[in-house]
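Chain residues, written in single-letter form:
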Amino acid sequence: MSRFFSEKFKDLTPYTPGEQPKDTKYIKLNTNESPFSPSPLALEYANEASKNLQLYSDPECRDLVRTASEYYGIDGEEILFTNGSDEILNFAFSAFCDKNTPAVFADITYGFYPVFASVNNVPYREIRLNDDFTVNTDDYIGVNGTVFIANPNAPTGIALSLEEIEKIVRGNPGNVVVVDEAYVDFGAESSVRLIKKYDNLLVTQTFSKSRSMAGARLGFGMGNRALIRDLNTVKYSTNPYNINRMTMTAGIGAIKDEKYFKDNCEKIIFNRSMTTEKLKSLGFTVLNSCANFVFAKHSKLSGEQLYLKLKEKGILVRHFNKERISDFIRITVGDYGQMQIFTDAVSKILEEVQ
Ligand code: PMP
């Protein structure tokens, strides 16, 4: 820390992203990226847009907003694009929490939430998940804070139904409920259809996972227009040109290429069940995932041992050194070949410890 670092950030512990090794020798199943390239149409549009990089991008993202709002069946004023969904989540902590309105989220959830709270200097409260890592929706009624709920949850992959989400939104009429749907396309139901019914619901999604664009950084939020206006106030006070030209047009291409998107989601869902079945047959406990990853543990090896042994074999998965989940590893679902290599490696590791 330099002697110039602001007093307000002195105690900040930044978020630790998953490893991004420079060499390609690893099979990367650690950061929930897509194993598939972006849609060819997205790439074609990005290439075209690159010819005008001397010009600022459209701060209102008009073409992308038009395409996306038609696709999701909402109005243009009900959607806001950001630099990855991390940015809209950060905006939401900034816009809808303060010292009297804490952030409220599960004890086991996306590890960035406490960091967003700290960087925005707002208090937060954690609600303990049930022992099987499911949410007890009754715990989320009248919480007197801004609720952040990942659906499906990370790193468990467990999803709530639309009815359960609606119960939470209805149960907090005086507060915003943010539903982080980063993984929704892999098997959960989106709550976007509720945004016209409830003025306190913000739904966030991303192009990083199901649309294979993690490196382009494109996320968005959908909600009542007053909420979106508040978030725009934050955006225009920090970085009005937050989406670059190539990403913006690539996003349009990705939405238009519906078949490519659907086919890839289906492949991931298929590979997820194949991986889950194989892990269970090897004696793993595997949570019921609706996302593009599985969360699993084995009685013979700790999460850290599994992580290290897989790394030795050239496979990267994610291990969280955190209470309640340190026995688990989170495995991103890759393509069929990657998952075969992964399950073969796990079988060998278990043979070695028998
Ligand atoms: N929400 C959850 C639950 C996530 O796991 C992630 C990915 N790390 C994000 C949001 C943010 O993803 P991105 O900024 O790439 O959209």
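Asker: What exactly am I supposed to notice about the overall build of the protein here?
Answerer: Scanning the protein for helices and strands turns up 10 helices and 12 strands. The C-alpha atoms of the protein give a radius of gyration of 20 Å, which matches the 20 Å a tight globule of 354 residues would have. Expressed as lengths along the three principal axes of its C-alpha atoms, the size of the protein is roughly 60 × 50 × 50 Å. By the burial criterion, 53% of the 354 residues in the protein qualify as buried.

Asker: What am I meant to see in the layout of surface pockets here?
Answerer: Regions of empty space are outlined by a rolling probe, equal in size to a water molecule, passed over the atoms. Its boundaries defined by the atoms lining it, the largest pocket holds a volume of some 1100 Å³. Taken together, 48 residues line the largest pocket, and the ones lying closest to its centre are Tyr15, Thr16, Tyr110, Phe112 and Arg318. For the lining of the largest pocket, the secondary-structure elements that each account for two or more residues are α3 (84-96), β3 (103-106), α4 (112-119) and β4 (124-127). Residue contributions to the lining of the largest pocket peak at 5 residues, all from α4. Among the residues forming the lining of the largest pocket, the class breakdown is 23 nonpolar, 14 polar and 11 charged.

Asker: Explain the state of the cysteines to me, please; I cannot follow it from the model alone.
Answerer: In protein chemistry, a disulfide is the covalent bond that joins the sulfur atoms of two cysteines. Counted according to the given criterion, the structure contains 0 disulfides. Of all cysteine sulfurs in the structure, the one in Cys265 sits closest to Cys290, which takes part in no disulfide; the separation is 13 Å.

Asker: Would you take a moment to explain the nonpolar core for this structure?
Answerer: The nonpolar side chains of a soluble globular protein tend to be buried with one another. Ranked by internal contacts, the top residues of the largest apolar core, which has 50 residues, are Phe81 and Met222. The leading source of residues in this core is helix α7 (residues 245-256), at 5 residues. Both domain 1 (7-36 + 263-353) and domain 2 (40-258) contribute no fewer than three residues apiece to this core. Look past the residues within four positions of Met222 in its chain and what remains in contact with it is Tyr72, Ile74, Glu78, Ile79, Val192, Ile195, Leu201, Leu202, Val203, Gln205 and Ile228. Judged by nonpolar contacts, the second largest core, of 26 residues, contains Phe91, Phe112, Phe116 and Ala117.

Asker: Before we go on, may I ask you to explain the site of the ligand in this structure?
Answerer: Neighbouring the ligand are 13 residues, the closest being Ser85, Asp180, Tyr183, Thr206 and Ser208. Thr206 places a polar side-chain atom, nitrogen or oxygen, 2.6 Å from an oxygen atom of the ligand. The side chain of Arg217 places a nitrogen or oxygen atom 2.7 Å from an oxygen atom of the ligand. Here the ligand has 400 Å² of accessible area as a free molecule, and 91% of this is covered by the chains. Assessed atom by atom at 2 Å from the grid points, the ligand resides in the largest pocket.

Asker: Whenever I open this one, the pairing of strand β2 (residues 79-82) confuses me. Can you help?
Answerer: Remark: a regular strand shows side chains that alternate across the two faces of the sheet. Residues Ile79 and Phe81 of β2 are buried on one face, and the alternating residues Leu80 and Thr82, pointing to the opposite face, are buried as well. Relative to strand β8 (residues 219-223), β2 runs antiparallel, the two being bridged by 4 bridges. Bridge pairing in β8 links Leu80 to Gly221.

Asker: Can you walk me through empty space enclosed by the protein in this structure?
Answerer: Enumeration over the complete set of coordinates arrives at 3 cavities of 30 Å³ or more. What lines the largest cavity is Ser39, Ser210, Arg211, Ser212, Ala254, Asp257, Tyr260, Phe261 and Asn264. Of the residues forming the lining of the largest cavity, the biggest block, 3 residues, is contributed by helix α8 (residues 258-281). Here the residues of the lining of the largest cavity sort into 3 nonpolar, 4 polar and 2 charged. Approximately 40 Å³ is the volume attributed to the second largest cavity. For the second largest cavity, the full set of lining residues is Glu33, Ser34, Pro35, Phe36, Phe186, Lys209, Ser210, Asn264, Cys265, Ile268 and Asn292. Among the residues making up the lining of the second largest cavity, the classes are represented as 5 nonpolar, 4 polar and 2 charged. Looking at which domains feed residues into the lining of the second largest cavity, each of domain 1 (7-36 + 263-353) and domain 2 (40-258) supplies at least three.

Asker: Help me understand the packing of α8 against helix α10 (residues 336-353), please; the structure alone is not making it clear to me.
Answerer: Helix packing geometry: the angle between the two helix axes and the distance between the axes. Two elements in contact, α8 and α10, have axes separated by 10 Å at closest approach and are oriented at 10°. Classed by the angle they form, the pair α8 and α10 counts as roughly parallel. When α8 is examined against α10, the residues Phe270, Asn271, Met274, Thr275, Lys278 and Leu279 are found in contact with a partner set consisting of Tyr336, Met339, Gln340, Phe342, Thr343, Val346 and Ser347.

Asker: Looking at this structure, how should I read the side chain of Ser190?
Answerer: Within the element layout of this structure, Ser190 appears in the loop between β6 (177-180) and β7 (201-206). Here Ser190 falls in the buried class, since its relative accessible area comes to 18%. At a separation of 2.7 Å, a polar atom in the side chain of Ser190 contacts the side chain of Glu181. Dropping the residues within four chain positions of it, Ser190 is found in contact with Leu162, Glu181, Val184, Val203 and Gln205.

Asker: Looking at this structure, I do not really get helix α9 (residues 303-312). What am I missing?
Answerer: Three or four residues apart is the spacing at which side chains of an α-helix point the same way, because the helix has 3.6 residues per turn. Residues Gly303, Leu306, Tyr307 and Leu310 constitute the buried set of α9. Take α9 and look down its axis: the buried residues cluster within an arc of 100°, on one side only. Elements in contact with the buried residues of α9: β11 (315-316), β12 (328-332) and α10. Immediately downstream of α9, the backbone of Gly314 shows phi near 85°, a positive value.

Definitions and limits used
- Residues numbered from 1 in each chain as written.
- Predicted model: local features only at pLDDT ≥ 70, side-chain atom pairs only at ≥ 80, totals over all residues.
- Heavy atoms only, no water.
- Helix = DSSP H or I, 4+ residues; strand = E, 2+ residues; numbered from the N terminus.
- Rg over C-alpha atoms; globule rule 2.2 N^0.38 Å.
- Buried < 20%, exposed > 50% of the residue type's maximum accessible area, 1.4 Å probe, protein only.
- 1 Å grid on protein atoms, 1.4 Å probe; cavity = no way out; pocket = protein on both sides within 12 Å on 5 of 7 lines; lining within 4 Å.
- Points joined across faces, edges and corners; volume = space filled by probe spheres on them.
- Nonpolar A, V, L, I, M, F, W, Y, C, P; charged D, E, K, R; others polar.
- Disulfide = S-S within 2.5 Å.
- Core = buried A, V, L, I, M, F, W, Y, C linked by side-chain atoms within 4.5 Å.
- Domains from an automatic or database assignment.
- Contact = heavy atoms within 4.5 Å.
- Near = heavy atom within 4 Å.
- Polar contact = N/O pair within 3.5 Å; in protein donor to acceptor, adjacent residues only side chain to side chain.
- Areas by Shrake-Rupley, 256 points an atom, 1.4 Å probe, with all protein chains shown as cover.
- Sits in = over half its atoms within 2 Å of the grid points.
- Pairing = 2+ DSSP bridges.
- Axes fitted to C-alpha atoms, helices over the stretch in contact; angles between N-to-C directions.
- Parallel < 35°, antiparallel > 145°, perpendicular 65-115°, else oblique.
- Arc of directions from axis to C-beta.

Interpretation note: all reported values are geometric properties and have no functional meaning in isolation.
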